[in-house]
Amino acid sequence: MTEGRSGFTLIEVVVALTILSAGLVYVHRINGAAALGQRGAQDRSAALLLAEERMTLATRAPRQGVEEGRELGLAWRVVVDPVGDVVPNRLWRVEVTVTGARIAPVRLLTLKNGGAE
């Protein structure tokens, strides 16, 4: 380089722009992954809340049978079966399953004492 001239050469500018571009692509990918993770967490939370709501309703007065429905873009299924033969204080097995397109199934299971047949 001759004396008195200042600035960057073309190759220095190209290398700097390449490094900057790679950094921006990396940041964009991280933001996309974070957004997907947040959406997945929201979907799982909604499924768990729905499962807990259905479990509460099913255990208030358990009755043998299967009930199914859809809410919030999620499918739910409640199965209530008697356990044993003791009628006055029957033990009930209550299972709630919630499924959705973007989440693994959420399953809750409990045993409830009492209730009619």
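What you see is a predicted model; the values in this text were computed from it and never measured. (Residues numbered from 1 in each chain as written. Predicted model: local features only at pLDDT ≥ 70, side-chain atom pairs only at ≥ 80, totals over all residues. Heavy atoms only, no water.)

Undergrad: Help me out: how do you make sense of the sheet that holds strand β1 (residues 65-71) in this one?
TA: Where strands meet in a sheet, backbone hydrogen bonds hold them as pairs that are either parallel or antiparallel. Pairing is antiparallel in the open sheet, where 4 strands are placed in the order β1-β2-β3-β4. Bordering the open sheet on either side are β1 and β4 (103-113), each of which pairs with just one other strand. If you compare each strand with its neighbour and ignore which way they point, the axes differ by 15 degrees on average. Note that strand β3 (residues 91-100) and β4 share 9 bridges and pair antiparallel. Considered in β4, the bridge of Val-98 is made with Val-106. Sitting on the sheet, helix α1 (residues 10-60) is in contact with β1, β2 (74-83), β3 and β4, with an inclination near 20 degrees to β4. (Pairing = 2+ DSSP bridges. Helix = DSSP H or I, 4+ residues; strand = E, 2+ residues; numbered from the N terminus. Axes fitted to C-alpha atoms, helices over the stretch in contact; angles between N-to-C directions. Contact = heavy atoms within 4.5 Å.)

All we've got here are geometric facts, nothing functional implied.
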